[in-house]
Amino acid sequence: MGATSVRVPNTAEHGHDLAAMANAVTDRTRLVIVCNPNNPTGTSSRKADLDRFLDTVPEDTLVVIDEAYREFVTDADVPDGLRTYGNRPNVVVLRTLSKAWGLAGLRVGYLVAQPEVAVAIRKVLTPFSTSLVAQAAALAALDAEPEVKRRCAIVISERDRVTEEIRRLYPDVPASQSNFVWLPLGDRSAAFAAGCEQRGVIVRPFQGDGVRVTIGTPAENDAFLAAAELAAKSAA
Ligand SMILES: *Cc1c(COP(=O)(O)O)cnc(C)c1O
């Protein structure tokens, strides 16, 4: 879109470095993206740090809080962007029905912003960006909240189990508030992913950074843990 992207490295703990991000804002900065929980590391920013960040960023710079994984958050210190920051004119919150709600194949989500911001976005929105079928499915899904919560609870408990187990191999796996775990394997990422694939498990390597492992059913997670044991040896 003709914008210049400024990337700020994560902290040593693999999360957003909100202080460095605030420092990187200049009078040319129009928009800052805070992904909370973050993809692909699963880490999350806590309220005190976000409060400080939002108090530092100029009022005319939009802060987009991407909460695609909000439904998997269990840490009470990780704020709900809508409830906590919805009164701030420069905050925009993104949510999706692609993850917890299981509608990735229909591509539907939503944005919440002050009317002035929403009006500006509508002017550049692709026409018919969500289909009628997707909208009907979204409304039906939103009516099935207890079922979604039940499924999220399973994913959350499996996420915590996989994190604990995989830390026997890789102790520096960060805590995840998402539906995946992050293995900070650096240069070993590609070899580890290839080792898993040989054993029928597909994980996502990010060249030179790490590997993202999506939580599946308990049996799928067991298959991953068994594959990881062997892949770790070939990637050592
Ligand atoms: C999945 C995801 C989204 C939204 O995906 P859509 O399918 O386009 O709704 C947004 N942000 C992050 C970080 C995601 O992982």
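Scroll up to find the structure this text is about.
Predicted model, so just to flag it, every value in this text is computed and none were measured.

### What to know about the overall build of the chain
Next up, step 1: For the chain, the count of helices and strands is eight helices and seven strands.
Next up, step 2: For the chain, whose C-alpha radius of gyration is 19 Å, the value lies close to the compact-globule estimate of 18 Å for 236 residues.
Next up, step 3: Each of the three principal axes of the chain carries a C-alpha extent, and together these read 55 × 45 × 35 Å.
Next up, step 4: Residue pairs at least 24 apart in sequence account for 65% of intrachain contacts in the chain once pairs closer than 6 positions are excluded.
Next up, step 5: Here the chain holds 26 positive side-chain charges and 29 negative ones, and the gap between their average locations is 3 Å.

### Describing the environment of Phe72
Next up, step 1: For Phe72, the location among the structural elements is in the loop between strand S2 (62-66) and helix H3 (81-85).
Next up, step 2: The exposure class assigned to Phe72 is buried, which follows from its relative accessible area of 3%.
Next up, step 3: Taking the C-alpha atoms as reference, Phe72 lies 5.3 Å from Ser178; in sequence the two are 106 residues apart.

### Observations concerning the site of the ligand
Next up, step 1: Taken together, Cys35, Asn39, Asp66, Ala68, Tyr69, Thr96, Ser98, Lys99 and Arg107 make up the full set of residues near the ligand.
Next up, step 2: Asp66 has a polar side-chain atom sitting 2.6 Å from a nitrogen atom of the ligand.
Next up, step 3: At 2.6 Å from an oxygen atom of the ligand is found a side-chain nitrogen or oxygen belonging to Arg107.
Next up, step 4: Burial of the ligand by the surrounding chains reaches 71%, relative to a free accessible area of 390 Å².
Next up, step 5: In the shell around the ligand, the residues fall into three nonpolar, three polar and three charged.

### Comments concerning unusual backbone geometry
Next up, step 1: Here the amide bond leading from Asn36 into Pro37 is cis, since omega sits at -5°, within 30 degrees of zero.
Next up, step 2: Relative to the elements of secondary structure, Pro37 occurs in the loop between strand S1 (31-35) and helix H2 (47-56).
Next up, step 3: A cis amide bond links Asn39 to the next residue, Pro40, at an omega of 10°.
Next up, step 4: Phi is positive for His14, close to 75°, though the residue is something other than glycine.
Next up, step 5: Of note, His14 is situated in the segment before helix H1 (18-24).
Next up, step 6: Positive phi, normally seen in glycine, also occurs at Phe128, with a value near 55°.

### Comments concerning the pattern of salt bridges
Next up, step 1: The final tally for this structure, using the stated rule, is 14 salt bridges.
Next up, step 2: Two residues, Asp80 and Arg83, come together in a salt bridge whose shortest N-O distance is 3.8 Å.
Next up, step 3: Taking relative accessible area as the criterion, Asp80 reaches 14% and is therefore assigned buried.

### What about the packing of helix H7 (residues 189-198) against helix H8 (residues 218-234)?
Next up, step 1: With their axes 8 Å apart at the nearest point, H7 and H8 run at an angle of 130° to one another. Judged by the angle between their axes, H7 and H8 are oblique. For the pair H7 and H8, the crossing hand works out as right-handed. Mapping the contact onto sequence places Phe192, Gly195 and Cys196 in H7 and Phe224, Ala227, Ala228, Ala231, Ala232 and Ser234 in H8.
Next up, step 2: Here the contact of H7 with H8 is composed, by residue class, of seven nonpolar, two polar and no charged.

About the cut-offs
- Residues numbered from 1 in each chain as written.
- Predicted model: local features only at pLDDT ≥ 70, side-chain atom pairs only at ≥ 80, totals over all residues.
- Heavy atoms only, no water.
- Helix = DSSP H or I, 4+ residues; strand = E, 2+ residues; numbered from the N terminus.
- Rg over C-alpha atoms; globule rule 2.2 N^0.38 Å.
- Contact = heavy atoms within 4.5 Å.
- Lys, Arg positive; Asp, Glu negative; His and termini not counted.
- Charge placed at Lys NZ, Arg CZ, Asp CG, Glu CD.
- Buried < 20%, exposed > 50% of the residue type's maximum accessible area, 1.4 Å probe, protein only.
- Near = heavy atom within 4 Å.
- Polar contact = N/O pair within 3.5 Å; in protein donor to acceptor, adjacent residues only side chain to side chain.
- Areas by Shrake-Rupley, 256 points an atom, 1.4 Å probe, with all protein chains shown as cover.
- Nonpolar A, V, L, I, M, F, W, Y, C, P; charged D, E, K, R; others polar.
- Salt bridge = Lys/Arg side-chain N within 4 Å of Asp/Glu carboxyl O.
- Axes fitted to C-alpha atoms, helices over the stretch in contact; angles between N-to-C directions.
- Parallel < 35°, antiparallel > 145°, perpendicular 65-115°, else oblique.
- Left-handed = near helix turned anticlockwise from the far one by under 90°.

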